[in-house]
Structures are given as C-alpha cells and as structure tokens.
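Descriptive analysis of the structure
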Amino acid sequence: MVVKTQSKGRGVTGLHVGVNNVRRYFPKNISSIELQLDHLQIECGLKPNFWQGEPEIFDPRLCAWLESRHMHAKPDRTPIPLAMIPEGKNSFRLRPVRLNGQAHAKLNPGAAA
C-alpha cells in the first residue's frame, strides 16, 4: 500500500495511511503495529480515531526517522509517498516509492549468485 508522510509542523511528522488502507489492512481489534524502518524496528500505537476518519500514525521514533531520512530534502514539508509493505501479522516495512509507484527494493548482494 502507498501511504504519505504527514507533517504537523517541524518535529511532528507521521504517516497518513488513508481510510481505504485502514479498512483493508488493519483489524479494529489491534491497538498497535510494528514498523520496520531500515534496520530499526518500532511498535507504534494506534489511536481509536485511526478507524474513524483519522488514519494517521504518529510516534516520536517514526518522526525522527522520517525527518532524518525523507523530510530533510523537503523544506516545504510536502507529503512524500512511501510503500508500507505487510511483513506479517500487524507488521509493516516502510520503503521509498519509485516514480512508477513501485516500492524501491534494496538489492541483496548474495541473492544475485
């Protein structure tokens, strides 16, 4: 699924998941998800409003990662699309999105052999 960064001012950046993605990928009975950000793995809480028209994820660690990896090149704070790839039960990996909308995969040097 494609999500977008959402900035509520410098130092408060999260993810806007979208109502349709929430319905499709997030059971209402979960209170948190696991995000894999490069080599970092964090657990983010989901507020009750997440399922009621405010499909946003904000967490200080997610904010720091987004600010350092993606928002530093965007002084105007415009949303940046990211791929949020399911990696198991209530677990997702964030990856950059290429211009064609596909997730940018990192090559594994051992896989080419």
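Residues numbered from 1 in each chain as written. Predicted model: local features only at pLDDT ≥ 70, side-chain atom pairs only at ≥ 80, totals over all residues. Heavy atoms only, no water.

**Considering the packing of aromatic side chains**
Per the stated rule, a full pass over the model turns up 3 aromatic pairs. With a centroid separation of 5.1 Å and an interplanar angle of 80°, the aromatic rings of Phe 26 and Phe 50 are classed as edge-to-face. With Phe 26 in the loop between helix H1 (19–25) and strand E3 (32–37) and Phe 50 in the loop between strand E4 (40–45) and strand E5 (56–57), this residue pair connects regions lying 24 residues apart in the sequence. Taking relative accessible area as the criterion, Phe 26 reaches 4% and is therefore assigned buried. For the ring pair Phe 50 and Trp 51, a centre distance of 5.1 Å and an interplane angle of 80° mean the geometry is edge-to-face. (Phe/Tyr/Trp six-rings, centres within 6.5 Å; stacked < 30°, edge-to-face > 60°. Helix = DSSP H or I, 4+ residues; strand = E, 2+ residues; numbered from the N terminus. Buried < 20%, exposed > 50% of the residue type's maximum accessible area, 1.4 Å probe, protein only.)

**Considering the pairing of strand E6 (residues 81–88)**
Each regular strand carries side chains that alternate between the two faces of the sheet. Two elements, strand E1 (residues 2–7) and E6, share 3 bridges in a ladder whose sense is antiparallel. Residue pairing for E6: Val 2 is matched across the bridge by Ala 83. Pairing analysis gives 6 bridges linking E6 to strand E7 (residues 91–96), with the strands arranged antiparallel. Across the sheet, the residue bridging to Ile 85 is Arg 93, located in E7. Hairpin connection, E6 to E7: the antiparallel pair is bridged by 2 residues, and Asn 90 has positive phi, about 55°. (Pairing = 2+ DSSP bridges.)

**Considering the nonpolar core**
One finds Leu 15, Phe 26, Ile 33, Leu 35, Ile 57 and Met 84 to be the most contacted residues of the largest nonpolar core, which totals 23 residues. Of all the secondary-structure elements, those providing two or more residues to this core are E3, E4, helix H2 (60–69), E6 and E7. Apart from the residues within four sequence positions on either side, Phe 26 is in contact with Met 1, Val 17, Asn 21, Ile 33, Leu 46, Phe 50, Trp 51, Met 84 and Phe 92. (Core = buried A, V, L, I, M, F, W, Y, C linked by side-chain atoms within 4.5 Å. Contact = heavy atoms within 4.5 Å.)

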